[in-house]
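Each chain, letter by letter, is given below.
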Amino acid sequence: MSKAIMIQGTMSNVGKSIITAGLCRIFKQDGYISCPFKSQNMALNSYVTTEGLEMGRAQAMQAAAAKIPPSVYMNPILLKPTSSHSSQVIVNGEVVADMAAKDYFLYKENLWSVIEYSYSKLSSFADIIVVEGAGSPAEINLKKNDIVNMGLALHFDIPVLLVGDIDRGGVFAQLVGTIELLEKKEREKIKALIINKFRGDVSLLFTGIDMLEDRCGKKVIGVVPYTALHIDDEDSLSCRLNVKKSLSNCIDIAIIKLPYISNFSDFTALEFYPCVNVRYVESCNELNMPDLLIIPGTKNTEEDLKWLWNTGLASFIKNIAFSGKNIIGICGGYQILGKCIYSSAGESITGLGLLPIETEFATYKTRTRVNAIVNGGKGIFSLLNGKHLSGYEIHNGISHYLTKDKSFLTLTDEKSLQVKDDGFCTENVCGTYLHGFFDNKEIVQALLKTLANKRGINVDFSNIKTYQELQDEQFDILADVLRENLNMDYIYGLF
């Protein structure tokens, strides 16, 4: 059996996903086959495997850190919120049902066999499994039938490292309070504490750390500094979604922060490039007149389209388009740019009317990895014609063209080799179902160069690296930071 270590946190967004990725990279560097595992993930960022199965994007990112192909066994249960009280439940990469929270709470005790099977599959090839918990293990109202935190650690007898986030304040109370609320057998699983996202002089923490260790009886094995990294985040708590600042003399890219925004990791690649300002906006005052406006994917296209109309953003976006500014819609954003959306209940919702498509929602979910070629670009997008790219589709809606004009992309399914049309493009507005569009170097180079020329900015995009190369460098930086600030000898000793 593989060795294993588990990263739990005092709350969501303390850095569990990033620390898990960093440890995966360290173990890989040290000559081991490492592998991430998160039994249950709640996130709107998802990934499609080569088999056409859906898993959490965070675990795909962690697999990249470990330098192994993503597998649905790394995240056998994925919950994608569809409203404030329900989620789409995905098991082994396939949609099971939409469930209210209370129904899933009862249902999840049936999933142990799924978790055990996935864990055994990973154990069959990995030397070290780095397990990530979810939220906090001290949610005492949800501990019954826990399958992702202490319930999992006890089930597989995995030592736990508990992470607290000092940047959000109250880290000592976070750690002490979490441990105090655990049962004795759960406290015994916690082998050490980590303070994450620290800014300043670490010596000022020493007296607090001494008191913390005395109070909890647990060793603090590291204080990890706050480090700016361009690595995919797990969910909408991502700090990058709160970026509002516009930089002068740079290409200004604004992304609509939809209430049900999903797969915003599509745009991580844009943050790497020189003189490119990426910001997320949710009001007309914030939007202004960007060089490029992006409407991202969404887990609830209907509700987000209604939100755009209710906030006035829909009309503002239409004015931006009519002024000649450039707009791209990805997946749900592509559907929103169309003339109309027909819900599964038969309701008709008026779209922005900027692309000649209509979208019908059905129960069938498209999940596939594809290769593509751009053949219908117009305006600034015409420079993309003839370029090849790859990515994946994941959506429920089916869009129908209301014109005989050529589609924006021609897609080839990697598995079935079926060829189909995708997306549409006008002189300044285009849309596509293709996730990963901006991960393709040649596409982004051509697009950014054109936008820079329109702004009169002289930027050399010729020597930029691929997104995969840049991400790999980020994993190495992360591993260096963790090696320098964590007691790795202690962690190895837990095996």
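A brief look at the structure comes next.

Here is what the cut-offs are and how they apply
- Residues numbered from 1 in each chain as written.
- Predicted model: local features only at pLDDT ≥ 70, side-chain atom pairs only at ≥ 80, totals over all residues.
- Heavy atoms only, no water.
- Helix = DSSP H or I, 4+ residues; strand = E, 2+ residues; numbered from the N terminus.
- Rg over C-alpha atoms; globule rule 2.2 N^0.38 Å.
- Buried < 20%, exposed > 50% of the residue type's maximum accessible area, 1.4 Å probe, protein only.
- Contact = heavy atoms within 4.5 Å.
- Lys, Arg positive; Asp, Glu negative; His and termini not counted.
- Charge placed at Lys NZ, Arg CZ, Asp CG, Glu CD.
- Axes fitted to C-alpha atoms, helices over the stretch in contact; angles between N-to-C directions.
- Parallel < 35°, antiparallel > 145°, perpendicular 65-115°, else oblique.
- Nonpolar A, V, L, I, M, F, W, Y, C, P; charged D, E, K, R; others polar.
- Pairing = 2+ DSSP bridges.
- Salt bridge = Lys/Arg side-chain N within 4 Å of Asp/Glu carboxyl O.
- Right-handed = clockwise from strand over helix to strand, strands pointing away.

All right, on to the overall build of the chain then. Looking only at helices and strands, the chain has 15 helices and 26 strands in total. Over its C-alpha atoms the chain spans a radius of gyration of 23 Å, differing by no more than 12% from the 23 Å that the globule rule assigns to 495 residues. Projected onto the principal axes, the alpha-carbon positions of the chain cover approximately 70 × 50 × 40 Å. When the 495 residues of the chain are sorted by exposure, 59% land in the buried category. A fraction of 74% describes how many contacts in the chain between residues 6 or more apart in sequence connect residues 24 or more apart. Of the side-chain charges in the chain, 49 are positive and 56 negative, and the distance between the mean point of each set is 1 Å.

Tracing the backbone through its elements, the reader meets Thr301 in helix H10 (residues 301-311). Once residues within four sequence positions are removed from consideration, Thr301 is found in contact with Gly332, Gln335, Ile336, Ile341 and Phe361.

For the pair helix H6 (residues 171-180) and helix H8 (residues 206-216), interaxial distance at closest approach is 11 Å and the crossing angle is 5°. As judged from the angle between their axes, H6 and H8 are roughly parallel. Along its contact with H6, which presents Phe172, Leu175, Val176, Ile179 and Glu180, the element H8 presents Gly208, Ile209, Leu212, Arg215 and Cys216. Taken together, the residues of the contact of H6 with H8 break down into seven nonpolar, one polar and two charged.

With respect to the helices, strands and loops of the structure, Cys250 is situated in the loop between strand E12 (220-225) and strand E13 (251-256). Since its relative accessible area comes to 12%, Cys250 is described here as buried. C-alpha separation for the pair Cys250 and Ser344, spaced 94 residues apart in sequence, amounts to 42 Å. Residues contacting Cys250, with those up to four places away along its chain left out, are Cys275, Val276, Asn277, Asp291, Arg455 and Ile457.

Further remarks concern the sheet that holds strand E11 (residues 190-198). Pairing between sheet strands relies on hydrogen bonds along the backbone, with the strands arranged either parallel or antiparallel. Reading across from one edge, E2-E9-E1-E10-E11-E12 is the order of the six strands in this open sheet, with parallel pairing throughout. Strands with a single pairing partner mark the edges of an open sheet, and in this sheet they are strand E2 (34-37) and E12. On average, each strand axis in the sheet is tilted by 20° relative to the strand beside it, whichever way the strands run. Bridging between strand E1 (residues 3-9) and strand E9 (residues 128-132) involves five bridges; their strand directions are parallel. In the sheet register, Ile7 faces E9, and the bridge partner there is Glu132.

Once that is clear, we can look at the pattern of salt bridges. Applying the stated criterion to the full structure yields 22 salt bridges. Among the salt bridges present, the one from Lys197 reaches Asp165, with a minimum N-O distance of 3.5 Å. Taken as a pair, Lys197 in strand E11 and Asp165 in strand E10 (residues 160-165) lie far apart in primary sequence, 32 residues in all. The exposure class of Asp165 is buried, given its relative accessible area of 0%. Connected through salt bridges with shared partners, the residues Arg25, Asp472 and Asp476 form a single ionic network.

Attention shifts here to the sheet that holds strand E25 (residues 424-425). Across the sheet, which stays open at both edges, the six strands sit in the order E15-E13-E16-E18-E26-E25 with mixed pairing between neighbours. Of all the strands in the sheet, the pair left with one neighbour each is strand E15 (276-281) and E25. Inspection of the sheet shows strand E16 (residues 292-295) paired to strand E18 (residues 326-330) by four bridges, in the parallel sense. The partner of Leu293 across the bridge, within E18, is Ile327. Those strands touched by helix H13 (residues 441-455) are E13, E15, E16 and E18, and its axis lies near 120° from that of E13.

Right, let's talk about unusual backbone geometry for a bit. We note that Lys67 has phi near 60°; this positive angle belongs to a residue other than glycine. With respect to the element layout, Lys67 can be found in the loop between helix H2 (57-66) and strand E6 (77-81). The class for Lys67 is partly exposed, based on a relative accessible area of 48%. The backbone phi angle of Leu417 is positive, close to 65°, even though this residue is not glycine. Note that Leu417 resides in the loop between strand E23 (409-413) and strand E24 (419-422).

Of all six residues making up E12, five are buried, and the element is well covered by its neighbours. Pairing of E11 with E12 involves three bridges; the strand directions are parallel. Along E12, the bridge assignment pairs Leu193 with Val220. Tracing the backbone out of E11, into H8 and back to the parallel element E12 gives a crossover that is right-handed.

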